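Below are the chains, spelled out letter by letter.
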Amino acid sequence: MDKKMRKSYKYLILILVFSVAFSSQARSEISINLETASPSEIFRHANYLEQMMMYDGADKSKLKEESMYYFLVAAERGHVKAQRFFGGRALGFGKSRNVELGIKWLKIAASNGNVPSMSILGGHYSFNVVPDYYLAMEWYKKASKLGDGYSSQRLGELYEKGLGIEQDFAAAAKWYELAMKQSANKYGIDKLAKLYKEGKGVPKNLVHSLELYREALITQDNARGLNTSIADFYENGLGVEKDLRKAASFYREDAMRAYYLAQLRLGQMYEEGRGVPQDLNAAFALYSIAATCLYYGALSTDEAINSRERVLSKFSGTESFSAQKSIKTYREAIIGNFGLPEACL
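All figures in this text were calculated on a predicted structure; none of them were measured in a lab.

Criteria and thresholds
Residues numbered from 1 in each chain as written. Predicted model: local features only at pLDDT ≥ 70, side-chain atom pairs only at ≥ 80, totals over all residues. Heavy atoms only, no water. Helix = DSSP H or I, 4+ residues; strand = E, 2+ residues; numbered from the N terminus. Buried < 20%, exposed > 50% of the residue type's maximum accessible area, 1.4 Å probe, protein only. Axes fitted to C-alpha atoms, helices over the stretch in contact; angles between N-to-C directions. Left-handed = near helix turned anticlockwise from the far one by under 90°. Contact = heavy atoms within 4.5 Å. Parallel < 35°, antiparallel > 145°, perpendicular 65-115°, else oblique. Nonpolar A, V, L, I, M, F, W, Y, C, P; charged D, E, K, R; others polar. Core = buried A, V, L, I, M, F, W, Y, C linked by side-chain atoms within 4.5 Å. Phe/Tyr/Trp six-rings, centres within 6.5 Å; stacked < 30°, edge-to-face > 60°.

Moving on to the environment of glutamate 272. By secondary structure assignment, the location of glutamate 272 is in helix H14 (residues 260-272). Judged by its relative accessible area of 47%, glutamate 272 falls in the partly exposed class. Counting along the chain gives 11 residues from glutamate 272 to alanine 283, while the straight-line C-alpha distance between them is 9.0 Å.

See the structure below:
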């Protein structure tokens, strides 16, 4: 047995051991005595039931119902995280949705100092079908005061967009700066970068804007869209020397993350041979994927559809077949990286 095969067997054995151990642990948690169990044990039991929903063949509906029951029991016995979990799930979607009950328990958790509950309430009031931005700001400010960077970012967005309050870019910038301090540059940084790029609320500073976008790539969990923002600087020579090859490289990063605008821009570069060798097959593939569905960064797919048709008109029958094969190649690459929604497959 060669070294590579031994390594594969080693990993397989580890996976099997972990699965057996986890399954045994999960089975031991299926029953619980509510008379003797502590609120923490009941909360943990509810979490195990949720984890079991991930197994193939699991009765997800029943497990969800049971987990909600145990979250509620733990919440009623004063477990603050259970209050937040139950409230958040009740506020969500599906059969278990009960907005009034969700708000009630989130407010209880918030009154017990649970910061995520405050932020969730802010989100509920700002993203609701009928938003109440006044209440949203109240809850976001409470969470921000206790150090929640995400809530500070959301406050900045409300000021930037003028939602429930007079539009104020300077105030937005201050909230974004606070969000950065509270979250080690995870929140607010890309928002502030955009303001520096456009000179809104802060002096226009393209160099600093690019620095912030680059830092955001490192600090943010989901970098989708950031590469596209950086690419724009190099494509148009904004504060840096124009570099189309570098721009194409940054667009490619986001295009492979199923980001609509990056696919569109990279498609244009391939179509025109800017920064990359001209390749109509690649352009057609990127336009086609971008046109398939509304996905990250897309408000409308019209431009992608029109671009796809424009390139298609340049192909003969044989070339068209080759272009279709290119679509498959790009889709497989994107699926391998971050996945596409079912509608795009």
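Attention shifts here to the packing of helix H9 (residues 169-182) against helix H10 (residues 189-198). Where H9 meets H10, the closest approach of the two axes is 8 Å, and the angle between their N-to-C directions is 145°. The crossing of H9 and H10 is left-handed. Where H9 approaches H10, its residues Phe169, Ala172, Ala173, Tyr176, Glu177 and Met180 are matched on the opposing element by Ile189, Lys191, Leu192, Leu195 and Tyr196.

We now examine the packing of helix H13 (residues 244-255) against H14. Between H13 and H14, whose axes approach to 8 Å, the crossing angle comes to 140°. As summarised for this structure, H13 and H14 are arranged oblique, according to the angle between their axes. The two elements H13 and H14 cross, and the hand of that crossing is left-handed. Judged by residue contacts, Leu244, Ala247, Ala248, Tyr251, Arg252, Asp254 and Ala255 of H13 engage Ala262, Gln263, Arg265, Leu266, Met269 and Tyr270 from H14. Taken together, the residues of the contact of H13 with H14 sort by class into 9 nonpolar, 1 polar and 3 charged.

A few words on the nonpolar core. Among the nonpolar cores identified, the biggest contains 66 residues, and Leu192, Leu212, Leu266, Tyr270 and Tyr330 are the most heavily contacted of them. Broken down by element, this core gets its largest block of residues, 9 residues, from helix H15 (residues 280-292). With near-sequence residues (within four places) excluded, leucine 192 lies in contact with Ala173, Tyr176, Glu177, Met180 and Leu212. Core analysis: the second largest hydrophobic core is formed by 20 residues, Leu34, Ile42, Leu49 and Leu63 among them.

The description of two aromatic rings rests on the distance between their centres and on the angle between their planes. Applying the stated rule across the entire model yields 8 aromatic pairs. Between the aromatic rings of phenylalanine 43 and phenylalanine 85, the centroid separation amounts to 5.1 Å while the plane-to-plane angle is 80°, which identifies the pairing as edge-to-face. Note that phenylalanine 43 is positioned in helix H2 (residues 39-52) and phenylalanine 85 in helix H4 (residues 80-90), a separation of 42 residues in sequence. With a relative accessible area of 10%, phenylalanine 43 lands in the buried category. The exposure class assigned to phenylalanine 85 is buried, which follows from its relative accessible area of 14%. Aromatic pair tyrosine 213 and phenylalanine 233: ring centres 6.0 Å apart, planes at 65°, arrangement edge-to-face. Within this pair, whereas tyrosine 213 is found in helix H11 (residues 206-219), its partner phenylalanine 233 is found in helix H12 (residues 226-236), the two being separated by 20 residues in sequence.

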